[in-house]
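The chain contents come next:
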Amino acid sequence: MTRRVPWSRAVMWRLAGTSVLRHLETLGWNPVRHPDRASGRMGDMSEIDGMGTERATCVLAPNPSAMTLDGTNTWIIGEPGAEEVVVVDPGPKDGKHLRRVADLIAGQGRRVGLVLLTHGHPDHSAGAAKFAELAGGGKGGGVKVRALDPAHRLGDEGLGEGDVVTTGGLELRIMETPGHSDDSLTFWLPADRAVLTGDTVLGYGTTVLEGKLGDYLSSLDRLRAFSADQDAAVILPGHGPKLDDPLAALDHYIDHRRERLAQVEAAVAAGARTAREVVEVVYADVDKSLWPAAEWSVQSQLDYLDERP
C-alpha cells in the first residue's frame with residue numbers, strides 16, 4: 001500500500017506530470033523550478049536529449065523542475081532493424097512531447113509494441129494513456145501499458161519481479177526496486193548491459209523517497225550486487241544524464257544515504273525532534289527551495305530510525 005503523500009509534494013508531482021508548467025512559464029512563474037537552471041524556461045533541450053545506447057534512445061520531456069531535474073527521460077528501446085519498439089515512461093501529459101515521441105518512432109518506420117512504466121508518479125505516467133492512443137493510431141484500446149501498480153495499466157497484464165519483455169525481439173528483464181516509491185521497477189537491457197533505473201538512481205543529485213528507507217537501501221544494495229555480477233556498462237536514469245560507471249554511481253548513492261542517516265542520527269541526538277528541525281541542521285548548506293523535498297526524505301530516515309531494532 002502506498003504511503004500518503006504530503007499535499008505539497010503531491011502538488012509538485014502533479015504539476016510535473018502535466019503541461020501546466022509550460023503555461024505558467026509564459027507568465028514568468030514556475031513554482032517548482034530547479035534552482036540550478038538559469039532561466040527555468042520549459043522545453044530547453046540539452047545533451048540529455050538523444051543520449052542512450054545502441055538500443056535505447058532518450059527523448060527529454062519539457063518539464064524541468066526541482067522534482068524532475070532537466071525533465072523526464074522517455075526511453076525508446078528497440079532491437080536494430082526491428083519493426084516494433086518499447087517505450088518506457090512516456091512522461092507528463094504534454095501533447096507536444098507525446099507527439100514528438102510518436103513522430104520520432106514513425107519517422108524510423110517503426111511502431112510502438114508496448115509501453116512500460118518504471119513507476120506511477122505523474123511525471124512518468126500521466127501521458128501514458130494518451131500516448132498509447134496516439135501510438136495505436138487513435139483506435140480504441142491503443143497500445144497496452146504495463147506497470148506494477150494496476151492503477152496505471154492499460155490491459156490486463158501487469159509487470160513485476162522476474163518478468164521478461166520480448167516485444168520486437170527485445171529482451172528486458174524486470175526487477176522490483178522499492179524505495180523511491182512502493183511500485184518502483186528497474187529494467188535490465190542485457191544486450192547493451194544497461195540498467196534503466198527510473199527514479200531509483202538519477203543522473204545527478206539524489207532521489208526523494210516516498211517509500212521506506214529500509215526498502216530503498218536494500219534496493220541500492222541489490223542493484224550494486226547485480227551490476228557487478230552482470231558487468232553493467234551504463235545506467236539510464238529517469239532524470240538527468242546517463243551514468244557510464246554504474247558501480248561508482250551506486251557506491252556514491254549508498255555512501256551518501258548512509259552518511260545522511262548518520263547526520264540525521266546526530267541531529268536527533270543533539271535535540272532536533274521534527275523533520276524540519278533536522279533539515280535546518282543537516283541541509284543548512286542546501287538551497288532552501290529544496291528543503292520541502294529534504295523534509296520528506298528526512299521523515300523517511302526518522303521512520304527508519306524509529307523502526308530499527
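Shown above is the structure to which this text applies.
What counts as what
Residues numbered from 1 in each chain as written. Predicted model: local features only at pLDDT ≥ 70, side-chain atom pairs only at ≥ 80, totals over all residues. Heavy atoms only, no water. Helix = DSSP H or I, 4+ residues; strand = E, 2+ residues; numbered from the N terminus. Polar contact = N/O pair within 3.5 Å; in protein donor to acceptor, adjacent residues only side chain to side chain. Contact = heavy atoms within 4.5 Å. Expected span 1.5 Å × (residues − 1). Buried < 20%, exposed > 50% of the residue type's maximum accessible area, 1.4 Å probe, protein only. Arc of directions from axis to C-beta. Salt bridge = Lys/Arg side-chain N within 4 Å of Asp/Glu carboxyl O. Axes fitted to C-alpha atoms, helices over the stretch in contact; angles between N-to-C directions. Parallel < 35°, antiparallel > 145°, perpendicular 65-115°, else oblique. Nonpolar A, V, L, I, M, F, W, Y, C, P; charged D, E, K, R; others polar. Pairing = 2+ DSSP bridges. Right-handed = clockwise from strand over helix to strand, strands pointing away.

(A) Quick peek at the side chain of H239. As for its position among the elements, H239 is in the loop between β10 (234-237) and α7 (246-269). At a separation of 3.0 Å, a polar atom in the side chain of H239 contacts the main-chain carbonyl oxygen of T68. Side chain to side chain, H239 and D123 meet in a polar contact 3.1 Å long. Other than its neighbours up to four places away in sequence, H239 contacts M67, T68, L69, G71, T72, N73, D123, H124, G198, D199, L202 and G203.

(B) Representation of helix α3 (residues 95-107) within the structure. Its 13 residues give α3 an end-to-end C-alpha distance of 18 Å, which sits within 8% of 18 Å, the value for a rise of 1.5 Å per residue. Listed in full, the buried residues belonging to α3 are H97, L98, V101, A102 and I105. Within α3, the buried residues cover an arc of 130° as seen down the axis, which keeps them to one side. Seen from the buried face of α3, the exposed residues on the opposite side, beyond 90 degrees, are K96 and G107. Those residues of α3 that are buried lie in contact with β1 (56-60), β2 (73-77), β3 (84-88), β4 (111-116) and α5 (128-135).

(C) Highlighting the pattern of salt bridges. All chains considered together, the criterion is met by 18 salt bridges. Where D221 meets R258, a salt bridge forms, and the shortest distance between an N and an O atom there is 3.6 Å. Of this pair, D221 sits in helix α6 (residues 213-230) while R258 sits in helix α7, and the two are 37 residues apart along the sequence. In this structure D221 comes out as partly exposed when scored by relative accessible area, which is 35%. Close ionic contact of D244 with K242 constitutes a salt bridge, the shortest N to O distance being 2.9 Å. Counted as one network, the salt bridges with shared partners bring together E54, R55, E79 and D192.

(D) Broad picture of the packing of α7 against helix α9 (residues 291-307). For the pair α7 and α9, the least separation of the axes is 10 Å and the interaxial angle reads 75°. Put simply, α7 runs roughly perpendicular to α9. Facing α7, whose interface residues are R257, R260, L261, V264, E265 and V268, α9 presents S297, V298, Q301, L302, Y304 and L305. Grouping the constituent residues of the contact of α7 with α9 by class yields 7 nonpolar, 2 polar and 3 charged.

(E) Molecular detail of the pairing of strand β9 (residues 194-198). Across the 5 residues of β9, 5 count as buried, placing the element largely inside the fold. Alternating positions in β9 separate into two faces, A194, L196 and G198 on one and V195 and T197 on the other, with burial throughout. Two strands pair when backbone bridges link them, and strand β8 (residues 185-189) and β9 are joined in this way by 3 bridges, in the antiparallel orientation. Its bridge partner lying in β9, L189 is registered against A194. In textbook terms, the turn of a hairpin is the stretch between consecutive antiparallel strands, and for β8 and β9 this stretch comprises 4 residues, one of which, R193, has a positive phi near 50°. Bridge count for β9 against β10 is 4 bridges, and the pairing is parallel. When the sheet's bridge partners are listed, A194 is paired in β10 with V234. Where the polypeptide runs from β9 across α6 and back to β10, its parallel neighbour, the crossover connection is right-handed.

Functional significance is not addressed by these values, which are geometric in nature.
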